[in-house]
Amino acid sequence: MRALPPGARAYILCAVLAAAACVTPALTDSGTPWTAVLLLAALYLGCELLKVCPLLGGRVPEGIGSFFPVVLAAVLLLPPAAAALVALPGGLAGTVVQRPARMRRVWHGAQQATAAWVAGRTYGLLHGPATLGGGPSTGSGPPVGPADFPVALLPATAAAVAFCLVLTALDGGILIAAERRPAATAWRGLLSSSLAPHCVHGLAGLMMAVMWRSSYGPPAALLVLLPMYISCWVFAQYHRERGAHQATIRALVQAVDIKDRYTRGHSERVGQASTMIARELGMTEDRLETVRIAGILHDVGKLGVPTRLLRKDGPLTPQERRIIELHPEYGHEMVRGIGFLGEARSAILHHHERVDGSGYPYGLTGEQIPVLARVVAVADAFDAMTSTRSYSRARPVPVALAELERCAGAQFDPSMVRALVDAIGRTGWHPVVTSDEDLQVIPAGAAAAGMPGPVPGPVPGPGPGPVPGPGPRPSALAGMPEQGSRTVAPVAPPGRVPAVPGPAGGSGPDADPGGAGG
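Quick caveat: nothing in here was measured; it's all calculated off a predicted structure.

With that out of the way, let us pick up the pattern of salt bridges. Summed over the entire model, instances satisfying the criterion amount to 15 salt bridges. The salt bridge involving Glu280 is made with Arg426; its shortest N-O contact spans 2.5 Å. Here Glu280, found in helix α11 (residues 266-280), pairs with Arg426, found in helix α19 (residues 414-427); they are 146 residues apart in sequence, far enough to count as distant. For Glu367, the salt bridge identified is with Arg374, shortest N-O distance 3.3 Å. Overall, the relative accessible area of 68% leaves Glu367 in the exposed class. Through salt bridges with shared partners, a single network forms among Arg308, Lys312 and Glu320.

What follows is the structure, given as structure tokens:
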């Protein structure tokens, strides 16, 4: 209580008074169906206590949330005040993680009781009780007739939406009062994330109410409740495991970023560019997520590379280069036991292979290279060229794309390069992580602006000084703005296929022998 600001205390007190006003008529009305009230309240309380039952060994995930089908069934079966009374015990007994626990439980009980009352009033105004088979909404006695479907869906859905709106409104208010959030952002995302689950719970509550008022009576309602509860448990378990997966990925990426400060944010951007390529190729949503993870974790093997090599400014010796080239295998070994990565593991291992067979670690060619590895290779090279490192300055996006096109068929899969060019030409390039000051943002449609292509200029050569070289040949995005004065891509030696430099620009830690990287 002491941790709450005075405004939050007053807000909670108002919610408690409102809840008291909602449940008082049920306590004073001699017509309250106490049997149904007590049964539903005990059922809701049992669902909430089941989550913390020691007999389950703590295996019920915290994300399961409140089990509202029972409350919404009470809204459909009972008068509004009685439905509010049903919500109180479960709300007061709900799981609370943060302190002050007692105050949070009181808040949840008051919030749910108020929402149940409003939902009950909404249901009554739409003549919902008559659609359950006629007669008063007492929760007892045989129905006059069968439930009227699909007419019964409308008032039940309206009641569930009203229940959700009240909870959302009260949640936003407490965020303003307790956490001092701006009113403009307090409700952001609350309704969109909770409306669909509440409607599903409302449908389950309707089925439960119909079975309750059928000739089979309340025991039949459990036939709806039990599978619904199991479904909620499984869904929460899935989200808990997904959260653990995401935490694992974040920890690995943060470890790489801490070790190599010059590539901070590189992993997320490669994941973003890889997703753009995969979406352009028409991959399914499940595979898009796998591609994104592969892009994010492609350099995790650098955790096994000495830091002095990752941060070295000058050229690498042949021995140092061989050590650097082990990082895909290091990465594959690190994630080999993480089952949820699936196809992403092969992309981590093979993202430095070249379609002409001169890449590493195994020298695979063409279709031998996994599809996801070919996607990540293009995304990796693109971000390496368009962000500043300790050993090279960022290049304009059009120059990077032109260089990728020039190396298509030798170093990169042409279809992957074309997919990235088309995706950036249509949607632009908006990096999700912009930790480097030289990262570029390209708006959508910039390719059609009719601007001239990159101007030839000095490029970094293998020696101490710059050497002149021609600019890249025009590409599909040559008309995009250059976002400032940059150097253009280096020119390959005579007799060698032009190669896109890796993040080391042909001389730093991530370059391939002979200047071929990725």
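More follows now that the structure is in view.
Given 3.6 residues per helical turn, the α-helix brings residues three or four places apart onto the same face. The end-to-end C-alpha distance of helix α2 (residues 34-50), which contains 17 residues, comes to 24 Å, matching closely the 24 Å that a straight helix rising 1.5 Å per residue would cover. For α2, the complete set of buried residues consists of Ala36, Val37, Leu40, Ala41, Tyr44, Cys47 and Glu48. Along the axis of α2, the buried positions cluster into a sector of 125°, meaning they face one direction only. For α2, the exposed residues lying more than 90 degrees away from the buried face are Thr35 and Leu38.

A few words now on the nonpolar core. Core analysis: the biggest nonpolar cluster contains 60 residues, and Leu40, Phe67, Val70, Val75, Leu76, Leu78 and Phe163 have the highest contact counts within it. Of all the secondary structure elements, the ones that give two or more residues to this core are α1 (6-28), α2, α3 (69-77), α4 (80-93), α5 (101-125), α7 (153-179), α9 (190-212) and α10 (218-259). In terms of residue count, the dominant contributor to this core is α7 (nine residues). One finds Ala294, Leu341, Ile369 and Ala379 within the second-largest nonpolar core, a separate group that totals 50 residues.

Procedures and definitions
- Residues numbered from 1 in each chain as written.
- Predicted model: local features only at pLDDT ≥ 70, side-chain atom pairs only at ≥ 80, totals over all residues.
- Heavy atoms only, no water.
- Salt bridge = Lys/Arg side-chain N within 4 Å of Asp/Glu carboxyl O.
- Helix = DSSP H or I, 4+ residues; strand = E, 2+ residues; numbered from the N terminus.
- Buried < 20%, exposed > 50% of the residue type's maximum accessible area, 1.4 Å probe, protein only.
- Expected span 1.5 Å × (residues − 1).
- Arc of directions from axis to C-beta.
- Core = buried A, V, L, I, M, F, W, Y, C linked by side-chain atoms within 4.5 Å.

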